[in-house]
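Topology and contacts: notes
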Amino acid sequence: MLSKRARLWLGIIAALSLLSLASSCKPTTETNENTGGPSVAAYPSKGNEGSITGKISYNGTAPEGKKIDTSADANCASKSPNLMTEDWVVKNGKLANTFVYIKDGTIEGAKKVSEYGWPTPSSAVTLDQNGCHYRPHVLGVMVKQDINITNSDPTTHNIHFTPKNNPDWNQSQPNGAPALIHKLNVAEVLVPVKCNQHPWMRAYVGVLKHPFFAVSAEDGSFTIKNVPPGKYTVTAWHESPPGNGVEKTMEVTVPAKGATTADFTFGGTAALLGQPSSLRMLPAIEFPMLGKH
Ligand SMILES: [Cu+2]
């Protein structure tokens, strides 16, 4: 017969073994440091990436930019006496400031884009307040990527991110104040940004869990680089006032080490010309396939 003391020790040892067994069998609850979601494997690059390139056109007579009355702030009025609206920037029939991105799709011989974890760049993206408007007007970042917010003006700005799926964020930044850093943890296309001091100031930030996005330049061109070969849904978003944004989509196939074209047309009668159908959207819509885990 075992002594009372020996039975007690045996009991303790058995309990400890069970505990360690339980903890070793526990499902992994590590979180992905880039997304905050469950840990997912990174896509193993095969070195055969291609690109998606295209032009964004405006069909019809482009809405004219309007001069902004900046007289409420003498600093803005003197630095930017001819500030113009940027909601429609059309030159020679080409549309700037369109956010183009891969909505989702399947990588050739692999899984969907949304089923991989994509590393967040360590470099920041700059959003500058300069001449009492934002530069750039539209930008893309990955989730948890630093946005470096600078004030290059001789006045106080109050930058205000108004997302739907991320926390509201609102910071005053006086003349000469150091840069502010902000990041968004949840994918959201796109987050409107405004200034509480200057009601005309407006920017849009597209936040994605992968790096496959671009913004159209003044000549309407864009390129999404380093795309693994595969079949994808590509979406182009433009703020398109007076609504709250217009989105168009297209299916593309990216060949290994090759380029595919995705041209989009916005404007009044684009739908009549056989362009992809447009969809009126709220300003901040969750990225349905990539935003949830
Ligand atoms: Cu401002």
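Whatever comes next refers back to the structure up there.
In this text, all values refer to a predicted model and were calculated from it rather than measured experimentally.

Re the packing of aromatic side chains
Applying the stated criterion across every chain, the model contains 9 aromatic pairs. Each residue in the set Y43, Y116, W118 and F212 is aromatic and connected to the rest through ring pairs, giving one cluster. The side chain of K111 reaches across the aromatic face of Y116, ending 5.1 Å from its centre. Between the NZ or CZ atom of K248 and the centre of the ring of F266, over which it lies, the distance is 5.1 Å.

A few points about the sheet that holds strand β11 (residues 180–182)
Read across the open sheet, the 4 strands follow the order β6-β5-β8-β11; overall the sheet is mixed. In this open sheet, the two strands that pair with only one neighbour each are β6 (134–135) and β11. In this sheet, β6 lies alongside strand β5 (residues 125–129) in antiparallel orientation, the contact comprising 2 bridges. From the neighbouring strand, Q129 faces β6, where its bridge partner is Y134.

Observations concerning the sheet that holds strand β9 (residues 157–161)
With mixed pairing, 5 strands are arranged side by side in an open sheet as β7-β13-β12-β9-β10. In the strand order of this sheet, the two ends are held by β7 (138–142) and β10 (169–173), each with one partner. Each strand of the sheet is rotated relative to its neighbour by a mean of 25°, with strand direction disregarded.

Topic: the state of the cysteines
Taken as a whole, this structure holds 1 disulfide when the rule is applied. Residue C76 pairs covalently with C132 via a disulfide, S to S 1.9 Å. Disulfide C76-C132: torsion about the S-S bond near -75°, hence left-handed. Taken together, the residues span a long stretch of sequence, with C76 in helix α2 (residues 74–79) and C132 in the loop between β5 and β6 at a distance of 56 residues. Like C76, the residue C132 is buried in the burial classification.

A few points about the coordination of the copper ion
Ideal geometry at a metal centre gives angles of 109.5 degrees when four donors are arranged tetrahedrally and 90 or 180 degrees when six donors are arranged octahedrally. Protein coordination of the copper ion is provided by H157 (ND1), C195 (SG), H198 (ND1) and M201 (SD), with donor distances spanning 2.0 to 2.7 Å. Geometry at the copper ion is irregular, judged from its 4 donor atoms and the angles of 95 to 136° they form at the metal. In primary sequence terms, the donor set of the copper ion follows H-x37-C-x2-H-x2-M. Of this pair, H157 sits in strand β9 while C195 sits in strand β12 (residues 188–195), and the two are 38 residues apart along the sequence. The same class applies to H157 as to C195, namely buried.

Focus: the environment of Y116
Relative to the helices and strands, Y116 resides in the loop between β4 (99–107) and β5. Exposure remark for Y116: the relative accessible area of 10% places this residue in the buried category. Sequence separation of Y116 and V40 is 76 residues, and the distance between their C-alpha atoms is 5.8 Å. Once you skip the residues sitting within four places of it in the chain, Y116 turns out to touch V40, A41, A42, Y43, P44, I107, A110 and K111. Of note is the side chain of Y116, whose polar atom sits 3.1 Å from the backbone nitrogen of K111.

Criteria and cut-off values
- Residues numbered from 1 in each chain as written.
- Predicted model: local features only at pLDDT ≥ 70, side-chain atom pairs only at ≥ 80, totals over all residues.
- Heavy atoms only, no water.
- Phe/Tyr/Trp six-rings, centres within 6.5 Å; stacked < 30°, edge-to-face > 60°.
- Lys NZ or Arg CZ within 6 Å of the ring centre and 35° of its normal.
- Pairing = 2+ DSSP bridges.
- Helix = DSSP H or I, 4+ residues; strand = E, 2+ residues; numbered from the N terminus.
- Axes fitted to C-alpha atoms, helices over the stretch in contact; angles between N-to-C directions.
- Disulfide = S-S within 2.5 Å.
- Buried < 20%, exposed > 50% of the residue type's maximum accessible area, 1.4 Å probe, protein only.
- Donors = N, O, S within 2.8 Å, 3.2 Å for Na, K, Ca; no water.
- Tetrahedral: all angles 85-135°; square planar, octahedral: opposite > 155°, others 65-115°.
- Contact = heavy atoms within 4.5 Å.
- Polar contact = N/O pair within 3.5 Å; in protein donor to acceptor, adjacent residues only side chain to side chain.

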